[in-house]
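The lines below spell out each chain.
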Amino acid sequence: MDSREIELIEKQTPRDPLLRELYRKHKELDRRLQKFGKKPFLTSAEEREERELKKLKLAQKDRMMKILKKH
């Protein structure tokens, strides 16, 4: 997400509990993905988990963007 999107989300989270929860989960997924990025190589299981986390993170972002369009 770019800084403009983050700013918009952070402005709306106090008023929107669903957006707040989605943003929290999105940040958690990002934190977990960063751990994979620090490894020199990934096992097959880690590669699968990384792909799944990326899909989930993108889905969270899509849901947040839909909510922001309503505001």
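For the structure, see preceding data.
Below is a short write-up of the structure. Residue numbers here run from 1 along each chain, matching the order of that chain's written sequence. Owing to the predicted nature of the model, reporting of local features is limited to residues with pLDDT of at least 70; listing and counting of side-chain atom pairs is limited to 80 or more, with chain, interface and lining totals taken over all residues. Excluding hydrogens and water, the side-chain figures rest on all heavy atoms present in the structure.

1. Structural notes on the packing of helix α2 (residues 17–37) against helix α3 (residues 44–70)
Where we set the bar: Only the contacting stretch of a helix is used when fitting its axis, a line to C-alpha atoms as for every element, and angles between N-to-C directions run 0 to 180 degrees. Helix and strand definitions follow DSSP, with helices as H or I runs of at least four residues and strands as E runs of at least two, each counted in order from the N terminus. Note on terminology: angles under 35 degrees are roughly parallel, angles over 145 are roughly antiparallel, angles of 65 to 115 are roughly perpendicular, and the others are oblique. Helix crossings get a hand from a simple test, with the near helix turned counterclockwise from the far one by less than a right angle marking a left-handed crossing and a clockwise turn marking a right-handed one. Note on residue categories: nonpolar means Ala, Val, Leu, Ile, Met, Phe, Trp, Tyr, Cys or Pro, charged means Asp, Glu, Lys or Arg, and polar means any other residue, Gly included.
At a minimum axis distance of 9 Å, the contact between α2 and α3 shows a crossing angle of 155°. One element, α2, and the other, α3, form an angle in the roughly antiparallel class. Where α2 crosses over α3, the handedness of that crossing is left-handed. Residues belonging to the contact of α2 with α3 are distributed by class as follows: 12 nonpolar, two polar and 10 charged.

2. Observations regarding a positive patch on the surface
Operational definition: To count toward a patch, a residue needs a relative accessible area over 30% and no salt bridge; like charges are then connected within 9 Å, while nonpolar side chains (Val, Leu, Ile, Met, Phe, Trp, Tyr) are connected within 5 Å. Only the protein chains shown count as cover for residues, and the accessible areas themselves come from Shrake-Rupley with a 1.4 Å probe. The rule for a salt bridge is simple: a side-chain nitrogen of Lys or Arg has to be within 4 Å of a carboxyl oxygen of Asp or Glu. In summary, the charge assignment counts Lys and Arg as positive and Asp and Glu as negative, without counting His or the chain termini. Lys charges are placed at NZ, Arg charges at CZ, Asp charges at CG and Glu charges at CD. Exposure is judged per residue with a 1.4 Å probe applied to protein chains only, and the accessible area is read against the type maximum: over 50% gives exposed, under 20% gives buried, and values in between give partly exposed.
A grouping of K25, R63, K66 and K69 is seen on the molecular surface, where their side chains present a positively charged patch. At three residues, α3 tops the list of elements feeding residues into the positive patch. As for its placement among the helices and strands, R63 is situated in helix α3. Look at R63 and you get partly exposed, because its relative accessible area is 44%.

3. Notes on the pattern of salt bridges
Under the definition given, this model contains eight salt bridges. Here D30 makes a salt bridge to K57, at a shortest N to O gap of 2.7 Å. Residue D30 is located in helix α2, and its partner K57 is located in helix α3; the two are separated by 27 residues in the primary sequence.

4. Description of the nonpolar core
We count it as follows: Nonpolar cores are built from buried Ala, Val, Leu, Ile, Met, Phe, Trp, Tyr and Cys residues. Side-chain atoms within 4.5 Å join them into one set. The contact rule is simple, with two residues in contact once any of their heavy atoms fall within 4.5 Å.
If you look at the biggest cluster of nonpolar residues, it comprises eight residues: I9, L19, L22, Y23, M64, M65, I67 and L68. Among the elements of the structure, α2 and α3 are those that each provide at least two residues to this core. With residues near it in sequence (within four places) discarded, I9 still touches M1, L19, Y23, M64, M65 and L68. Of all hydrophobic cores here, the second largest spans five residues; its members include L29, L33, F36 and L53.

5. Describing α2
The α-helix advances 3.6 residues per turn, and as a result positions three or four apart in sequence lie on the same side. The following threshold applies: Expected span, for any helix, means 1.5 Å times one less than how many residues it has. Our arc is simply the arc of the directions from the helix axis toward the C-beta atoms. Pairing of N or O atoms within 3.5 Å defines a polar contact, subject to two protein rules: one partner must be a possible hydrogen donor and the other a possible acceptor, and residues neighboring in sequence count only if both atoms are side-chain atoms.
In this model α2 runs 30 Å from its N-terminal to its C-terminal C-alpha over 21 residues, within 8% of the 30 Å that 1.5 Å per residue would give. Of the residues making up α2, those classed as buried are L19, L22, Y23, H26, L29, L33 and F36. For α2, the angular spread of the buried residues around the axis is 125°, confining them to a single face. Tucked inside the fold, the buried residues of α2 contact α1 (3–12) and α3. A distance of 3.1 Å separates the backbone nitrogen of L18 from a side-chain oxygen at the start of α2, and that oxygen is part of D16.

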